[in-house]
Amino acid sequence: MNIRRTRFTRSRSKNEEQSELDVSNHSSRYYRSNLPQKNEPYKAPFMQQLSKVLFVIQLALIFLFIFGTEYNSELYSPDEYVIFRDIMAMLLIGFGYLMTFLRKYGLGAVGFTMLLTAFLGMQVSIFMEVFVRFMYGSDHHSELPLPLNMMTIIDAEFFAAALLISYGAVIGRASPVCLVGITVAECLFYSINKVMVVLGALGAEDVGGTITIHLFGAYFGVTLSKALGPEDLLTSSNADSKRFSDLMSLIGTAVLWVFWPSFVGATETATPENEERCVINTILALLGSTVATFGTSLYLGKGKFDAVHVANSTLAGGVAVGASARLGMGPGGAVLLGALSGIVSVFGYFSVSNFLDTRFSISDTCGVHNLHGLPAVLGGLASAVFVALDKNTDFLTYERPNQAWRQVAATVATMALACASGYFTGFFLCWTKREDDEFKEYDDSIFWWEGEFYENVNTIDDVDVSNTAKTLGASTGSSRKAKGDAVVPLELENV
């Protein structure tokens, strides 16, 4: 339905004005008249159990928090809350609004981002990482009751970031029931990779999460998407963007850009010199990727910028610099790495995404492979070079030549584990999508009640409001347009 915002100017009777007032007061709720009755089941059978599943998991987590944790604020610094706040803004606002480019899945983008971050991701991660540390035999925070401090919460935010990266690859295609299973499974494999492989057996340098967060989250999500199968061609047009949805996406980009340095330097608040180096290198890398993105997008776009490139690839520098941020890479090295990552990311959106879709049936909805995957591979390999060149570093686990090959090994091992675990998770846990006949991809209306002023007002066509039309308008000849069974209030006409 193509609507444009105008108002009728003809004179109206008192009955018509009263009818329009009734519609205005009632219209924000008339969708709810189609709520299932008491004995009428909701059409999507797997959604009926989601509420129970969420409450059961939350009750189990409450039990663990009561008997398995205690406060530990001996080393608390007010700076840690600032870091927590910045990262949470990245997760809820940055990631959430970055994915609102989907014109009919804006509620799912922001709403499910909140669910995955605050409800499942962070809470599950706190205890899952303790479990993995205990199994690995680590002495660091592997005992119960777990001493909780702000760094524990920030660590949980790191997993939530990896989870949201993976979510970006399957957003609109994985049901909420499937997302619950994905959260628990990915948390286990993420913790294994981080504790046992990257920081454990290999002892790699990854202060900003290039390898443990971005690389793992991207390839876990890409292979998860592969396991879900090709997208449904009947509803694939719902994933298209509009001018307004692209603008909303750029809001997420701006928030991520501003707070990304806090993300990279989050673990270095106790060492001001290292934190400053992390922040400066991240800013410089983001500056480099931003300029390179605009230049490459203009070149490949034959004289015009692509909003997809600007919304995503401008952030690639922050992804790539994480593994090298506290090394002596120099300002020039940071800008160079950021520029290269921006170029690689734009080329990924321009050609690699289509290649993965046509050759391997991988529908990467948000292009996380281009924003997080490719720049993370570049950043992981580049960290080996910067480790070998930095002669003044005293915090590395091993000597420079040994540490350099361990950076490469960590990159390769993370890709392998992420791909295997992502495909395994999608194949065994996302059966709800394959068996639920009512599931429609990229469609908020399956999971959300939508108000009439929602961006995608054309979904009103799917709602039977003919009785409302007859009751409130037809008898008085009220001035409002109708398309099929849909009634359009005056305020929405000709928008």
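Parameters and conventions
- Residues numbered from 1 in each chain as written.
- Predicted model: local features only at pLDDT ≥ 70, side-chain atom pairs only at ≥ 80, totals over all residues.
- Heavy atoms only, no water.
- Helix = DSSP H or I, 4+ residues; strand = E, 2+ residues; numbered from the N terminus.
- Buried < 20%, exposed > 50% of the residue type's maximum accessible area, 1.4 Å probe, protein only.
- Areas by Shrake-Rupley, 256 points an atom, 1.4 Å probe, with all protein chains shown as cover.
- Phe/Tyr/Trp six-rings, centres within 6.5 Å; stacked < 30°, edge-to-face > 60°.
- Salt bridge = Lys/Arg side-chain N within 4 Å of Asp/Glu carboxyl O.
- Contact = heavy atoms within 4.5 Å.
- Core = buried A, V, L, I, M, F, W, Y, C linked by side-chain atoms within 4.5 Å.
- Expected span 1.5 Å × (residues − 1).
- Bend = angle between axes of the 7 residues up to and from the residue.
- Axes fitted to C-alpha atoms, helices over the stretch in contact; angles between N-to-C directions.
- Nonpolar A, V, L, I, M, F, W, Y, C, P; charged D, E, K, R; others polar.
- Left-handed = near helix turned anticlockwise from the far one by under 90°.
- pLDDT = per-residue confidence, 0-100.

J.: Tell me about the overall build of the protein, and name the residues and values.
T.: Of the regular secondary structure elements, the protein holds 16 helices and four strands. Residues classed as buried in the protein amount to 54% of the 495 residues present. Looking at the protein as shown, the accessible area adds up to about 22500 Å², and 62% of this sits on carbon and sulfur atoms.

J.: Just give me the short version of unusual backbone geometry, but keep the residues and values in it.
T.: You will see that Lys 302, though not glycine, has its phi angle at about 55°, which is positive. For Lys 302, the position within the fold is in the loop between α9 (272-300) and α10 (307-312). With phi around 55°, Tyr 442 is a residue other than glycine that occupies positive phi space. Structurally, Tyr 442 can be placed in the loop between α15 (431-435) and α16 (466-474). Residue class for Tyr 442 comes out buried when judged on its relative accessible area of 1%.

J.: Break down the packing of aromatic side chains for me, with residues and values.
T.: Two numbers describe a pair of aromatic rings. These are the distance of the centres and the angle of the planes. Taken as a whole and judged by the stated rule, the model has 17 aromatic pairs. Geometrically, the ring pair formed by Tyr 105 and Phe 112 is tilted, given 6.4 Å between the ring centres and 50° between the ring planes. By the burial criterion, Tyr 105 is buried, and Phe 112 matches it. Ring centres of Phe 158 and Phe 263 lie 5.3 Å apart, and the angle between their planes is 75°; on these two criteria the pair is classed as edge-to-face.

J.: Quick rundown of the pattern of salt bridges? Include the residues and the values.
T.: Under the defined criterion, the tally for this structure stands at seven salt bridges. Put simply, Lys 194 and Glu 129 hold a salt bridge, and the shortest N to O gap is 3.3 Å. With a gap of 65 residues between them, Lys 194 in helix α6 (residues 176-201) and Glu 129 in helix α4 (residues 106-136) connect regions that are remote in the sequence. You can call Glu 129 buried: its relative accessible area is 7%. Connected through shared salt-bridge partners, Glu 129, Arg 133, Asp 155 and Lys 194 make up one network.

J.: Please give an account of the side chain of His 369 that cites residues and values.
T.: Within the element layout of this structure, His 369 appears in helix α13 (residues 368-389). Classification of His 369 by relative accessible area gives buried; the value is 8%. When near neighbours in sequence (up to four residues on either side) are disregarded, His 369 contacts Tyr 219, Val 222, Val 352, Leu 356, Asp 364, Leu 374 and Pro 375.

J.: I'd love a proper account of the nonpolar core, names of residues and values included.
T.: Of all hydrophobic cores here, the largest spans 96 residues; its most connected members are Tyr 167, Ile 182 and Trp 260. For this core, the element with the most residues is helix α5 (residues 150-170), which contributes 14 residues. With near-sequence residues (within four places) excluded, Ile 182 lies in contact with Leu 163, Ala 174, Cys 187, Phe 220, Leu 224, Thr 425, Leu 429 and Cys 430. Leu 327, Ala 382, Ala 384 and Leu 396 belong to the second-largest nonpolar core, a separate cluster that totals 14 residues.

J.: Explain α6 residue by residue, including any values.
T.: Under the 1.5 Å per step criterion, the end-to-end length of α6 is 35 Å for 26 residues, consistent within 8% with the ideal 38 Å. The sharpest bend along α6 measures roughly 35° and falls at Lys 194. Phi for Gly 203, located one or two positions after α6, is positive at around 60°.

J.: Describe in detail the environment of His 309, supporting the description with residues and values.
T.: Secondary-structure assignment places His 309 in helix α10. When the C-alpha atoms of His 309 and Phe 294 are compared, they prove to be 7.8 Å apart, with 15 residues separating the residues in sequence. Those residues in contact with His 309 that lie beyond four places of it in its chain are Thr 293, Ser 297, Thr 314, Val 346, Tyr 349 and Phe 350.

J.: Tell me about the packing of helix α3 (residues 78-98) against α4, and please be specific about residues and values.
T.: The N-to-C vectors of α3 and α4 enclose an angle of 140°; their axes lie 7 Å apart at closest approach. Residues Phe 84, Met 88, Leu 91, Leu 92, Gly 96 and Tyr 97 of α3 touch α4, and the partners they reach there are Ala 109, Val 110, Thr 113, Met 114, Thr 117 and Met 122. Residue composition of the contact of α3 with α4, by class: nine nonpolar, three polar and no charged.

J.: Give me the lowdown on helix α7 (residues 210-228), citing residues and values where you can.
T.: Helix length check: α7, at 19 residues, gives a terminal C-alpha distance of 26 Å against a target of 27 Å (1.5 Å per residue), a fit within 8%. Phe 216 marks the point of greatest bend in α7, at about 25°. Most of α7 is tucked away: 18 of the 19 residues are buried. With its phi angle positive at about 90°, Gly 229 sits one or two positions after the end of α7.

J.: Let's hear about the environment of Phe 447: which residues, and what values?
T.: Locating Phe 447 in the fold gives a position in the loop between α15 and α16. A relative accessible area of 16% means that Phe 447 is categorised as buried. Distance in space between the C-alpha atoms of Phe 447 and Pro 176 is 8.4 Å, their sequence separation being 271 residues.

J.: So what's going on with the packing of α5 against α7? Residues and values would help.
T.: The contact between α5 and α7 brings their axes to 7 Å, and the two run at 35°. Two packed elements cross with a definite hand, and for α5 against α7 that hand is right-handed. Listed contacts from α7 to Phe 158, Ala 161, Ala 162, Ile 165, Ser 166, Ala 169 and Val 170 of α5 are Ile 213, His 214, Gly 217, Ala 218, Phe 220, Gly 221, Val 222, Leu 224, Ser 225 and Leu 228. Here the contact of α5 with α7 is built from residues that sort into twelve nonpolar, five polar and no charged.

J.: Summarise the confidence of the model for the protein; cite the residues concerned and give the values.
T.: Looking at the protein, the pLDDT average stands at 82 and 78% of residues meet or exceed 70. Mean pLDDT values over the elements of the protein span from 34, in strand β3 (residues 481-483), up to 98, in helix α11 (residues 316-321). When the criterion is pLDDT under 50, residues 19-42 qualifies, and its contacts beyond four places in sequence or with other chains add up to 44 contacts. In the model, residues 453-495 has pLDDT below 50 throughout and makes 109 contacts with residues more than four positions away in sequence or in other chains.

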